[in-house]
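Breakdown of the fold
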Amino acid sequence: MAKKKKPFIEEEIIYVSKSELKRDAQQYQQLAIDLAAMSNKQRERLPLSDDLVEAMVVADKIRAKSEAYRRHINYISKTLRLTDNVADIEAAIELMLNKNNQADVLLNKIESTRTELINNGDSLINELLEQYPSLERQKLRQLVRQAAKEAKAEKPAKGYKDLFQYLKEVMMP
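Values in this document were obtained by computation on a predicted structure and should not be read as measured data. Numbers given for residues are sequential positions, taken from 1 along each chain in its written order. Whole-chain, interface and lining totals are the exception, using all residues; otherwise, since this is a predicted model, local features are given only for residues with pLDDT of at least 70 and side-chain atom pairs are given and counted only at 80 or more. Excluded from the side-chain calculations are hydrogens and water; all other atoms, namely the structure's heavy atoms, are used.

The next subject is the overall build of the protein chain. Put simply, DSSP H or I for four residues or longer makes a helix, DSSP E for two residues or longer makes a strand, and each gets a number counted from the N terminus. When its secondary structure is counted, the protein chain shows 8 helices and 0 strands. Counted from the first residue to the last, the protein chain has its helices and strands arranged as α-α-α-α-α-α-α-α. Based on C-alpha atoms, the radius of gyration is set beside the globule rule, defined as 2.2 Å times the residue count to the power 0.38. By the compact-globule yardstick of 16 Å for 173 residues, the protein chain is too spread out, its C-alpha radius of gyration being 29 Å. Principal axes of the C-alpha set define a box for the protein chain whose edges measure 105 × 50 × 30 Å. Each residue is assigned to one of three classes by its accessible area relative to the maximum for its type, calculated with a 1.4 Å probe on protein chains only: buried under 20%, partly exposed between the two thresholds, exposed over 50%. Per-residue burial for the protein chain yields a buried fraction of 29% across its 173 residues. Should any heavy atoms of two residues lie within 4.5 Å, those residues are considered in contact. Considering only contacts in the protein chain between residues 6 or more positions apart, those separated by 24 or more positions represent 58%. Throughout, the Shrake-Rupley method with a 1.4 Å probe supplies accessible areas, and for residues the shown protein chains are the sole cover considered. As displayed, the protein chain offers around 13200 Å² of accessible surface, 51% of which is attributable to carbon and sulfur atoms. Positive charges come from Lys and Arg alone, negative charges from Asp and Glu alone, with His and the N- and C-terminal ends not counted. By convention, the point assigned to a charge is CZ for Arg, NZ for Lys, CD for Glu and CG for Asp. Seen as two clouds, the 30 positive and the 27 negative side-chain charges of the protein chain have centres 4 Å apart.

Here it is in structure tokens:
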């Protein structure tokens, strides 16, 4: 009796190099280190699984014991490899870091606006009132005048600080 040939089914085999596996492991390791370095308040805002939350509690307890802490970081990275929502966790961390950067940029913008207001005066006040209608013209003019007067007299910069605080209240979301 002749043997029938079984139909050959082509399966697509995806080969992953050893180097790529190591890079992935290093990324999970770095993510574990970053998570362990965060404060509890920051971690509460992340979508961590129950296993990861428990692992973070243990990591906080054994932080002083270097070898145990190192092994526990390895455990956290292994847990991360088995977690489905790693992309969500990374996105939340990136968003937290980006908010800080955006706040710094906004504060720099407020400082430059304050300096321009003191140097240019009324012409810039009108433009600023169009951009931010919640600003009060009279109060803004008074603060600008006071800051400019203090700058000319080289007195302590109380008006300078008050103007910054007023602009910050209105311009920051």
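Back to the text.
This part covers the packing of aromatic side chains. One pair of aromatic rings is described through two measures. These are the centre distance and the angle between the planes. Stacked, tilted and edge-to-face are the three classes assigned to paired rings of Phe, Tyr and Trp, where Trp is represented by its six-membered ring and a pair needs centres within 6.5 Å; plane angles under 30 degrees give stacked, over 60 edge-to-face, the rest tilted. All chains considered together, the criterion is met by 0 aromatic pairs. Think of it as a cone above the ring: NZ of Lys or CZ of Arg counts as a charge over the ring if it is within 6 Å of the ring centre and within 35 degrees of the ring normal. Above the face of the tyrosine 160 ring, arginine 114 is positioned so that its terminal group lies 3.7 Å from the ring centre.

Take the nonpolar core next. The nonpolar core is taken to be a set of buried Ala, Val, Leu, Ile, Met, Phe, Trp, Tyr and Cys residues, with the residues joined through side-chain atoms within 4.5 Å. If you look at the biggest cluster of nonpolar residues, it comprises 21 residues, and the most contacted ones within it are Leu35, Leu46, Leu48, Ile76, Leu80, Ile89 and Ile93. Only helix 1 (18–37), helix 3 (50–61), helix 4 (66–82) and helix 5 (86–120) provide two or more residues apiece to this core. Here this core gets 5 residues from one element, more than from any other, and that element is helix 5. When residues no more than four places from it in sequence are discounted, the contact partners of leucine 48 are Leu35, Arg43, Val53, Met56 and Ile89. Counting 20 residues, the second-largest nonpolar core is a separate cluster that includes Ile110, Leu128, Leu163 and Met171.

For helix 6 (residues 122–131), the complete set of buried residues consists of Leu124, Ile125, Leu128 and Leu129. Looking down the long axis of helix 6, one finds its buried residues gathered within 140 degrees of arc, a one-sided arrangement. When the buried face of helix 6 is taken as reference, the exposed residues oriented beyond 90 degrees from it are Glu127 and Glu130. Starting at the helix axis, one direction is taken to each C-beta atom, and the arc is that of these directions.

A few words now on a nonpolar patch on the surface. A residue counts toward a patch only above 30% relative accessible area and without a salt bridge, and it is joined to like-charged neighbours within 9 Å or, for Val, Leu, Ile, Met, Phe, Trp and Tyr, to nonpolar neighbours within 5 Å. For this analysis, a salt bridge means a side-chain nitrogen from Lys or Arg found within 4 Å of a carboxyl oxygen belonging to Asp or Glu. Taken together, the side chains of Ile14, Val16 and Leu21 make up a nonpolar region of the molecular surface, amounting to roughly 310 Å² of accessible area. Residue placement: isoleucine 14 occurs in the segment before helix 1. Using a relative accessible area of 67% as the deciding quantity, one classes isoleucine 14 as exposed.

Moving on, we come to the pattern of salt bridges. Taken as a whole and judged by the stated rule, the model has 5 salt bridges. Residue arginine 43 is joined to aspartate 60 by a salt bridge in which the shortest nitrogen-to-oxygen separation is 3.0 Å. With arginine 43 in helix 2 (residues 40–44) and aspartate 60 in helix 3, this pair connects stretches of sequence that are 17 residues apart. Taking relative accessible area as the criterion, arginine 43 reaches 7% and is therefore assigned buried. Look at aspartate 60 and you get partly exposed, because its relative accessible area is 30%. With its nearest N and O atoms 2.5 Å apart, the salt bridge here joins arginine 70 to glutamate 67. Of this pair, arginine 70 and glutamate 67 both sit in helix 4, 3 residues apart, roughly one helical turn. Exposure remark for glutamate 67: the relative accessible area of 40% places this residue in the partly exposed category.

Interpretation note: all reported values are geometric properties and have no functional meaning in isolation.
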